[in-house]
Amino acid sequence: MLKIVKAADPVKIERINVCIYGPPGIGKTTLAFTADSPLLLDADRGSHRAANRKDIVQITSWSDVVSMTPQELAPYKTLVVDTAGRALDFLTADIIAENPKMGRGGALTLQGFGVLKTRFAAWLKMLNTFGKDVVLLAHMDEQRSGDDIVERLDVQGGSKGEIYKSVDAMGRIFIKGKDRLIDFSPRENAFGKNPCNLDPIPFALTETELLKFVMGTMKDRMNFHAEAQKVSTAEVSDWAVAIGDFAVAEDFNSALEDIKKAPKAIQAMAAAKARKLGLVFNKTAGIYEESHAPVS
Amino acid sequence: MPLSVSVSNLECYRVWSEDEDLDLGWLLTRLLGKEPPTESMEAGTAFHSALEQASVGELGALAFGDYRFDFNCDCTIAIPSIRELPVQKMYDDLEVRGRVDGVWGKKVVDYKTTGQFDPDRFMESYQWRFYLDMLDCDEFQWDAFVLAEFGPPKCYEVRQFHRLVQRRYPNLQEDCARLAREYSHFISNIQQLAG
């Protein structure tokens with residue numbers, strides 16, 4: 001069923017999903033422990049290496065993951081999945097155990113991959129209903145593209161797409177010279193999602209509240225953008241209706257100064273409508289005029 | 001006359017420049033518009049046209065011309081304030097032009113039809129970067145409809161719906177300007193070779 005609705009106002013953002021990826025041992029888990037009141041679901045058995053480790057649940061099967069109750073999670077504000085790829089391995093084993101036809105030689109069949117994607121997406125949605133921030137950690141997969149190396153999430157199959165869809169921010173940890181940085185911007189060879197225009201952030205493994213601060217900043221900026229979006233949507237909608245009624249050069253000329261100050265989309269819409277009406281802009285006079293050439 | 005290129009052809013140039021298996025003929029065929037439209041491209045065009053004419057409500061199917069699209073998954077989309085907006089911007093001497101499917105405030109929406117949802121391809125592309133830059137917007141939303149042929153010719157089922165969002169980042173404008181420069185340089189070299 002296709003449901004077509006009127007655009008709704010953006011809602012206030014109380015919680016976010018973040019994905020952080022990088023090579024093994026670079027400090028993903030250590031950074032994750034600097035989130036606000038974190039509980040780490042340790043599927044990778046690597047949390048002991050983090051010097052600043054806090055509360056941990058060791059994951060030995062998918063049932064450990066899905067059996068957590070909202071009451072058990074109540075003391076925490078952030079759930080950290082370490083790593084999403086390893087959690088998916090447990091889910092894979094669970095799917096094959098439930099229905100052996102979904103696997104062949106320990107790996108999922110095509111149909112099994114479909115189930116994996118669906119169940120992983122459902123689990124991410126369930127985590128969101130707990131009202132917690134979620135941090136998904138992932139190892140990095142280096143893939144060759146011509147002479148270049150591109151860095152991608154090391155997460156199996158279509159589940160990677162579910163992560164891209166569900167996260168509000170995605171950052172990559174890397175070492176440059178002597179600095180360890182997290183960068184949320186997409187780069188030529190790496191993916192990213194940067195909801196608040198952050199420059200790469202250098203950090204030390206001794207940080208205590210860095211991710212809490214970064215995620216708090218993201219929420220503040222996303223809510224600021226949501227407010228700006230609300231205002232801008234109303235402005236663009238009003239203009240779209242007005243320009244829809246423009247019929248002659250004078251309609252454009254009388255609104256020209258306001259159009260110049262309007263959002264770029266409105267300027268583009270006005271220009272397109274003028275072209276459609278066969279008007280041309282006289283740059284010398286600074287006004288729209290009837291064209292004497294045939295309209296193409 | 002300034003050099004002019006569509007966002008789609010700039011994206012073809014980027015893909016070609018990053019894939020050593022694609023030869024120059026592959027790129028020139030696309031830049032010169034000599035690639036005949038495939039059935040899936042025709043279906044995508046019909047789907048866009050059908051969606052452009054749709055209004056608020058619940059629909060089990062969309063139709064345009066001889067094409068029919070049955071929805072076998074749930075998808076909810078909102079009608080943008082502006083639909084099918086032609087845009088253009090100068091990057092030095094290169095005019096980059098395109099057509100966005102929809103705009104709401106500071107958000108651009110793009111409807112994609114595809115045989116398989118490949119988010120890596122969307123994330124890698126420069127189309128979203130150019131549209132955000134050209135319209136000074138902050139957020140880009142793909143509404144991807146996975147189509148499969150179903151029953152008689154020109155009949156499709158919409159099997160999956162995916163929504164993916166990407167956002168403006170600090171060096172977005174510079175990245176667009178760099179690709180535009182590289183393309184201008186490439187065209188200049190081609191013109192010199194052609195005499």
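Residues numbered from 1 in each chain as written. Chains lettered and ligands numbered in written order. Predicted model: local features only at pLDDT ≥ 70, side-chain atom pairs only at ≥ 80, totals over all residues. Heavy atoms only, no water.

1. Some points on the confidence of the model for chain B
So, point 1. Of the residues in chain B, 99% reach a pLDDT of 70 or more, and the chain-wide mean stands at 93.
So, point 2. Reported confidence for the predicted complex is 0.89 by ipTM and 0.92 by pTM. (pLDDT = per-residue confidence, 0-100.)

2. Quick word on helix α9 (residues 264-276) of chain A
Within an α-helix, residues lying three or four positions from one another point in the same direction, as the helix has 3.6 residues per turn.
Residues and elements named next belong to chain A.
So, point 1. Taking 1.5 Å per residue as the helical rise, α9 with its 13 residues ought to reach 18 Å, and the 18 Å between its terminal C-alpha atoms agrees with that figure.
So, point 2. Of all the positions in α9, only Ala265, Ile266, Ala268, Met269, Ala270, Ala272, Lys273 and Ala274 are classed as buried.
So, point 3. Phi turns positive, to about 80°, at Gly278, one or two residues after α9. (Helix = DSSP H or I, 4+ residues; strand = E, 2+ residues; numbered from the N terminus. Expected span 1.5 Å × (residues − 1). Buried < 20%, exposed > 50% of the residue type's maximum accessible area, 1.4 Å probe, protein only.)

3. Details of the sheet that holds strand β1 (residues 2-6) of chain A
Strands belonging to one sheet form pairs held by backbone hydrogen bonds; the direction of such a pair is parallel or antiparallel.
So, point 1. In spatial order, the strands read β2(B)-β1(A)-β5(B); together these three strands make up an open sheet with mixed pairing. In this open sheet, the two strands that pair with only one neighbour each are β2 (57-59) and β5 (75-79) of chain B. With direction set aside, neighbouring strand axes in the sheet form an average angle of 25°.
So, point 2. In the sheet, β1(A) pairs with β5(B) via five bridges, with the strands oriented parallel. The residue bridging A:Leu2 from the neighbouring strand is B:Cys75, located in β5(B). (Pairing = 2+ DSSP bridges. Axes fitted to C-alpha atoms, helices over the stretch in contact; angles between N-to-C directions.)

4. Focus on the packing of aromatic side chains
So, point 1. Counting across every chain of the model gives 27 aromatic pairs over all chains.
So, point 2. The interplanar angle of 65° and the centroid separation of 5.1 Å between the aromatic rings of A:Trp62 and A:Trp123 together place this pair among those described as edge-to-face. Placement of A:Trp62 in helix α2 (residues 62-66) and of A:Trp123 in helix α5 (residues 110-129) is noted, with a sequence separation of 61 residues between them.
So, point 3. With a relative accessible area of 3%, A:Trp123 lands in the buried category.
So, point 4. Ring centres 5.1 Å apart and planes at 65° place the aromatic pair A:Phe281 and A:Tyr288 in the edge-to-face group.
So, point 5. Judged by relative accessible area, which is 14%, A:Tyr288 ranks as buried.
So, point 6. One aromatic cluster is present, built from ring pairs that chain together B:Phe47, B:Tyr67, B:Phe69, B:Phe71, B:Tyr111, B:Phe145, B:Tyr156 and B:Phe161.
So, point 7. The ring of A:Phe90 is capped by A:Arg86, whose NZ or CZ atom sits 4.6 Å from the centre of that ring.
So, point 8. Positioned above the aromatic ring of B:Tyr126 is the side chain of B:Arg129, whose terminal nitrogen or guanidinium carbon lies 4.4 Å from the ring centre. (Phe/Tyr/Trp six-rings, centres within 6.5 Å; stacked < 30°, edge-to-face > 60°. Lys NZ or Arg CZ within 6 Å of the ring centre and 35° of its normal.)

5. A few points about the pairing of strand β8 (residues 107-114) of chain B
Residue and element names in this part refer to chain B.
So, point 1. With respect to burial, β8 is a largely interior element, six of its eight residues being buried.
So, point 2. Sheet topology places strand β7 (residues 94-104) next to β8; three bridges connect them, and they run antiparallel. For Trp104, the partnering residue across the bridge sits in β8 and is Lys107.
So, point 3. If you look at the hairpin formed by β7 and β8, you'll find two residues sitting between the two strands, and Gly105 has a positive phi there, around 50°.
So, point 4. For β8 and strand β9 (residues 139-149), the ladder comprises eight bridges, and the chain directions are parallel. Bridging from a neighbouring strand, Lys107 pairs with Glu139 of β9.

6. Digging into the pattern of salt bridges
So, point 1. Throughout the structure, instances matching the rule amount to 28 salt bridges over all chains.
So, point 2. The salt bridge involving A:Glu98 is made with A:Arg119; its shortest N-O contact spans 3.4 Å. Separated by 21 residues along the polypeptide, A:Glu98 in helix α4 (residues 84-98) and A:Arg119 in helix α5 bring together distant segments of the chain.
So, point 3. Given a relative accessible area of 58%, A:Glu98 falls into the exposed group.
So, point 4. Residues B:Glu18 and B:Arg14 are paired through a salt bridge, measuring 2.9 Å at the closest nitrogen-oxygen approach. Placement of the pair is B:Glu18 and B:Arg14 together in helix α1 (residues 7-18), with a separation of four residues, close to one helical turn. (Salt bridge = Lys/Arg side-chain N within 4 Å of Asp/Glu carboxyl O.)

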